[in-house]
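# Coordinate analysis (summary)
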Amino acid sequence: MFLLRNQVRMSHIATNLTDMRSRVAAAAAKAGRPETSIRLVAVSKTKPVEDLLVAYNEGQRHFGENVQELVDKAEQLPKDIQWHFIGTLQSNKCKLVAAIPNLFAVETVDGSKKADTLQKACVQANRASPLNVFVQVNTSGEESKGGVEPHETVAVAKHIIDKCPGLKLAGLMTIGSPNPNLEDGTNPDFKVSFCFLTLRTEIEAAAGVSDLELSMGMSDDFELAIDMGSTNVRLGSCIFGARAKKVEG
């Protein structure tokens with residue numbers, strides 16, 4: 001019985017991943033963009049390595065994790081996986097994260113000090129190439145969310161480019177409202193995509209960079225995010241199912 005349930009679960013993950021890829025492609029086409037312009041990151045926090053291997057065997061390579069699970073799973077899973085750190089990054093965990101050779105990106109750099117700490121960790125880890133980082137921007141002004149204020153973003157981005165040679169500024173990241181009012185067909189937090197476009201233009205002009213990405217959109221709103229310019233969507237529950245609730249103890 002357990003084996004049968006496990007087989008059913010594996011089949012569901014494979015089917016869900018195929019469906020999400022189709023929806024990403026359709027959203028990209030609707031927005032007049034090529035499918036290849038959107039990166040799908042499978043958010044696998046709290047999920048067992050067996051679940052990740054199902055997605056891996058379906059061709060998925062980009063996975064999103066938090067610190068301890070990232071460290072543990074990176075040791076167990078194939079080395080061609082491209083890991084994304086997507087949780088709150090504490091300064092004392094930067095060394096652990098930077099030491100993972102196939103870490104593709106840290107998506108939650110929330111200030112110049114955090115960038116400096118991560119820079120030092122990358123130097124100590126002797127990484128082969130600069131680590132991709134996204135500056136997390138708090139577009140809604142909610143205290144419960146991390147990230148820099150929009151008016152601080154250009155300065156933080158320029159600091160990374162000028163002062164952190166072990167890091168590569170990949171783009172900007174934001175988290176949409178978990179309970180959006182979709183009467184007008186948008187997540188209200190994503191209306192600041194115009195703000196992001198302005199910030200991106202300012203950063204590119206100030207620092208001489210181009211092609212900065214926008215990481216925006218999760219399971220409930222990724223199609224809207226793609227329509228508003230996202231290049232990197234983070235999909236978890238719609239692939240692997242709902243996350244297990246954290247047990248307090």
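Residues numbered from 1 in each chain as written. Predicted model: local features only at pLDDT ≥ 70, side-chain atom pairs only at ≥ 80, totals over all residues. Heavy atoms only, no water.

### Structural notes on the overall build of the protein
This is how it is decided: Secondary structure elements follow DSSP: runs of H or I no shorter than four residues count as helices, runs of E no shorter than two count as strands, and numbering proceeds from the N terminus. Relative accessible area decides the class of each residue, using a 1.4 Å probe on protein chains only: under 20% of the type maximum gives buried, over 50% gives exposed, and in between gives partly exposed. Here, residues are in contact when the closest pair of their heavy atoms is within 4.5 Å. Values of accessible area rely on a 1.4 Å probe in the Shrake-Rupley scheme; residue burial ignores everything except the protein chains shown.
Tallying secondary structure elements over the protein gives 9 helices and 8 strands in all. The buried share of the protein, reckoned over its 249 residues, is 47%. Partitioning the intrachain contacts of the protein with sequence separation of at least 6 by distance along the chain shows that 60% fall at a separation of at least 24. A total accessible area of about 12,400 Å² is found for the protein, and carbon and sulfur atoms account for 53% of it.

### A closer look at helix H2 (residues 49-57)
Of all the positions in H2, only Val49, Asp51, Leu52, Val54, Ala55 and Tyr56 are classed as buried. Following H2 by one or two positions, Gly59 adopts a phi angle in the positive range, close to 100°.

### Points about the environment of Ala225
In this structure, Ala225 sits in helix H8 (residues 222-227). Distance from Ala225 to Ala27, taken between C-alpha atoms, is 9.2 Å for residues 198 residues apart in sequence.

### Observations concerning the state of the cysteines
Filter applied, for reference: Note on disulfides: each one is a pair of cysteine sulfur atoms within 2.5 Å.
By the definition in use, this model includes 0 disulfides. Here Cys164 stays unpaired: no disulfide links it, and the sulfur of Cys122, its closest cysteine neighbor, is 9.2 Å away.

### Some remarks on the packing of aromatic side chains
The criterion, for reference: Pairs were defined over the aromatic rings of Phe, Tyr and Trp, the Trp ring being its six-membered one, requiring ring centres within 6.5 Å. Orientation was assigned from the angle between planes: stacked under 30 degrees, edge-to-face over 60, tilted for the rest. Geometrically, a charge over a ring is one whose NZ (Lys) or CZ (Arg) sits within 6 Å of the ring centre while staying within 35 degrees of the ring normal.
The full count for this structure, using the stated rule, is 1 aromatic pair. Ring geometry for Phe63 and Trp83: centres 6.0 Å apart, planes at 45°, overall tilted. On the criterion of sequence distance, the pair formed by Phe63 in strand E2 (residues 62-65) and Trp83 in strand E3 (residues 82-85) is long-range, its members being 20 residues apart. For Arg61, the ring lying beneath its charged end belongs to Tyr56, and the centroid distance is 3.7 Å.

### A look at the nonpolar core
Note the cut-off: Working definition of a nonpolar core: buried Ala, Val, Leu, Ile, Met, Phe, Trp, Tyr and Cys residues. They are joined through side-chain atoms within 4.5 Å.
Counting 59 residues, the largest nonpolar core has Trp83, Val106, Leu118 and Ile239 as the members making the most contacts within it. No other element matches helix H1 (residues 2-30), which puts 7 residues into this core. Counting residues in each nonpolar core, the second largest holds 5 residues, with Phe104, Ala105, Phe134 and Met173 among its members.

### Examining the environment of His159
Mapped onto the elements, His159 comes out in helix H6 (residues 153-163). Considering only alpha carbons, one finds His159 and Lys113, 46 residues apart in sequence, at a separation of 9.7 Å. Setting aside residues up to four positions removed in sequence, His159 forms contacts with Ser112, Asp116 and Cys164.

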